[in-house]
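Listed below are the residues making up each chain.
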Amino acid sequence: MGAYIARRLLLTIPVLVGILVITFLLTRLSGDPTDLMLPPNATDEAREAFRIVHGLDQPLWTQFVRFAGNAVVGDFGASLRFGQPAMTLVLERLPATAELAAATMALALLLGIPAGVVAAVWRGTSTDVSIRLVTLLGQAVPSFFLGVVAIIVFAVWLRWLPTGGRGSLGQLVLPAATLAFNLVALIARVTRSCMLDVLKQDYVRTARAKGVSETKVVWLHALRNAFIPVLTVIGLQVGLLLGGVVVTETIFSWPGVGRLAIQAIYARDFPVVQAVVFVFAVIFVAVNLIVDLLYAVLDPRISYR
Amino acid sequence: MILGPKMNSASPATPVLLSDEDVLQVEDLKAHLHVGNAVVRAVDGVSFTISRGETLCIVGESGCGKSMTALAIMGLLPKPAGRIVGGRVMLQGVGDLAQRTPRQMREIRGQSVSMVFQEPMTSLNPVFRIGWQIEEAIRVHERIPQAQARERVIAMLDLVGIPSPHERYKAYPHQLSGGMRQRVMIAIALACRPKLMLADEPTTALDVTIQAQILRLMNRLKAETGASLLLITHDLGVVARMAKRVCVMYAGVIVEEADVGAIFATPLHPYTQGLLDSIPSARAGGERRRLHTVPGLVPNLAKLPQGCRFADRCPHVYGRCREEEPPLSQPTVGPLAGSAQKVRCWLHLDHRQ
């Protein structure tokens, strides 16, 4: 297991190098960084000075090596807008995003899995049909639309919850619910289909033949098996969740990394954009590694050597 | 007609007193599957009795209703399609299983009657340790301390012939071979010392050498625990080895019931005869011939023909067979008239033929 983790960590190195290449090229592909970062009326002397300070007069690969060398130790340069190191800005906002993501994931699991299990057990009944309708809706409605509707209904009309910001539990509810909606729908659908498959398995019949109660048959014997493929889907959706964070944080003025990313893009604050992309990529890679390790915990047939 | 007190079907059926020696008495059991608009009469009036310590075999081809009979006894018919629609399943000391609520059946299952299935490879839950799975069978029915349950599980593993039971207690199913897994299934089935064990083709999925081991094990455990065994198989070799009495099932009904010796020596029903003729013979110097098969297919259990269910495939079919279904009873005509063997065939029952 230890050796496996070490090997997987080594394998993330090429992935991270690839991410660095892409983030590096982001600033070069969209034209001369000097044009992007300096005001249009800058003097030629100022431009030349900027090039030399940022090493833009060097060949591309030298620039990349310098960029990558700094990036590895978390130095993406100073934010053009705030003057602070870009990475510091991102890390400052990370707890807020982590809070939102954790609340979202908890909500999605707590609602999605029971909904999927109930739909599978009561297959073909009106309960199943209603759950499936709601999940269909949940997968079809984009979060930016849902977020706006949620604000209008719960914050403006009903005045139950604040429109945005962070600090109180009430302020967490709407963004987390908005972000979770798609995920709940997805988890419920996958759980339902996995449970339908598992409930047909011989070992479920064996459990019943032992006299195990139906509750235990469904929630222990069957769900324990059905959860393994559900976990795969959750791991794959983390990317989607990170994308959703950007939109949802902006709608609800949630002071997280996603909102920082949007602000940085609008302000052409490239060091910050690069830092955000890099951090999100690292999170994505890390989550997938954790999911792979969880398989071994959940499924004894999988062992990593 | 005089209007007397209404016979209420919900009132408990008059308890039939099983004789002390009878563990299970199935009477006219009917279990149907509702598939779409069709009603599949999977078990269509089956009766048999198993006495203490006895092994009764039910043989028949796939789809004849033998597995459904076992599942109906267990209260494990596929839901929501399957339902017991008639008859009684009297279990010694328990009463009529067909009248029990699902909750009551849960208490009976695993404790008084248990079941071993055909597929050892898929019948154990892959994510739980086998020790836990056997222990659960005990703890569902008995409140005993963990340590004691564990001891009993290890004793069961030992009893079913699993080497180094202390280590195997912690094994997962995928770490065991098919034969070992079937031993674990048998340990689960016998963990609460049931009166009756049902085994649905317990050796079909196993290698031939392992089959013999498992059959020997079941015979030994039956003797040691005093449990009765209902063994479902399509393998007449298994029948010869395991049972004293055998029921031949065809299209949801028993067509012949006899001692094992009689079934092999004097099969009465044309279907039984066909089955026996289909066994390849390895006699040296015997004539080489094409292996016999019973022509035709099992009738659709949703659209059974009038009369005898075997009529369309029977080489001896005559007029009455297509008009009236014969009862299962002792032969009244022919050389075996009056023997204890029971058959559902006009050839042996009809005086007017």
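Residues numbered from 1 in each chain as written. Chains lettered and ligands numbered in written order. Predicted model: local features only at pLDDT ≥ 70, side-chain atom pairs only at ≥ 80, totals over all residues.

### What about the overall build of chain B?
Here's step 1: Secondary structure summary: chain B contains 11 helices and 11 strands in total.
Here's step 2: Here the C-alpha atoms of chain B give a radius of gyration of 22 Å, agreeing with the 20 Å that 2.2 N^0.38 yields for 353 residues.
Here's step 3: With the C-alpha coordinates of chain B rotated into their principal frame, the extents come out at 70 × 70 × 40 Å.
Here's step 4: By residue count, 44% of the 353 residues in chain B fall in the buried class.
Here's step 5: When contacts within chain B are restricted to residue pairs at least 6 apart in sequence, those whose partners lie at least 24 apart make up 63%. (Helix = DSSP H or I, 4+ residues; strand = E, 2+ residues; numbered from the N terminus. Rg over C-alpha atoms; globule rule 2.2 N^0.38 Å. Buried ≥ 20, exposed ≤ 12 C-beta atoms within 10 Å, placed from the backbone. Contact = placed C-beta atoms within 7 Å.)

### Some thoughts on the sheet that holds strand β2 (residues 38–51) of chain B
Residues and elements named next belong to chain B.
Here's step 1: The strand order across the open sheet formed by four strands is β2-β1-β4-β5, and the pairing between neighbours is antiparallel. Looking at the sheet topology across the chains shown, the edges are occupied by β2 and β5 (95–96).
Here's step 2: Of the pairings in the sheet, the one linking strand β1 (residues 22–35) to β2 comprises 10 bridges and is antiparallel in character. Bridge pairing in β2 links Val 26 to Phe 48. (Pairing = 2+ DSSP bridges.)

### Re the packing of helix α11 (residues 257–266) of chain A against helix α12 (residues 270–298) of chain A
The description of two packed helices rests on the angle between their axes and on the distance between the axes.
Residues and elements named next belong to chain A.
Here's step 1: For the pair α11 and α12, interaxial distance at closest approach is 9 Å and the crossing angle is 145°. Note on packing geometry: the crossing formed by α11 with α12 is left-handed. Counted together, Val 257, Leu 260, Ala 261, Ala 264 and Ile 265 of α11 and Val 272, Val 273, Val 276 and Val 279 of α12 form the full contact between these two elements.
Here's step 2: In the contact of α11 with α12, the residues fall into nine nonpolar, no polar and no charged. (Axes fitted to C-alpha atoms, helices over the stretch in contact; angles between N-to-C directions. Left-handed = near helix turned anticlockwise from the far one by under 90°. Nonpolar A, V, L, I, M, F, W, Y, C, P; charged D, E, K, R; others polar.)

### Comments concerning the pairing of strand β10 (residues 253–259) of chain B
All names here are of chain B.
Here's step 1: Summarising burial for β10: six of the seven residues are buried, a large majority.
Here's step 2: In this structure, strand β9 (residues 245–250) lies alongside β10, joined through six bridges in antiparallel fashion. Paired with Met 249 across the strands is Ile 254, a residue of β10.
Here's step 3: Between β9 and the antiparallel strand that follows it, β10, lie two residues; Ala 251 among them carries a positive phi value of about 50°.

### Section: the interface of chain B and chain A
Here's step 1: At the interface, 24 residues of chain B touch 19 residues of chain A.
Here's step 2: Considering only residue class, the side of chain B that touches chain A consists of 11 nonpolar, eight polar and five charged.

### Some words on the packing of helix α8 (residues 169–199) of chain A against helix α10 (residues 214–251) of chain A
Residues and elements named next belong to chain A.
Here's step 1: Relative to each other, α8 and α10 sit at 155°, their axes nearing to 9 Å. Classed by the angle they form, the pair α8 and α10 counts as roughly antiparallel. Seen along the crossing, α8 lies across α10 with a hand that is right-handed.
Here's step 2: Across the contact of α8 with α10, the residue classes tally to 19 nonpolar, six polar and no charged. (Parallel < 35°, antiparallel > 145°, perpendicular 65-115°, else oblique.)

### Considering the sheet that holds strand β3 (residues 55–59) of chain B
Residue and element names in this part refer to chain B.
Here's step 1: Here seven strands make up an open sheet; going across it, the order is β6-β7-β8-β3-β9-β10-β11 and the pairing mixed. Each having just a single partner strand, β6 (113–116) and β11 (342–343) make up the two edges of the open sheet.
Here's step 2: As paired elements, strand β7 (residues 196–200) and strand β8 (residues 228–233) share five bridges and run parallel to each other. Pairing of Ala 199 across the sheet is with Leu 231, part of β8.
Here's step 3: Helix α7 (residues 178–190) rests against β6 and β7 of the sheet, and its axis sits at about 170° to β6.

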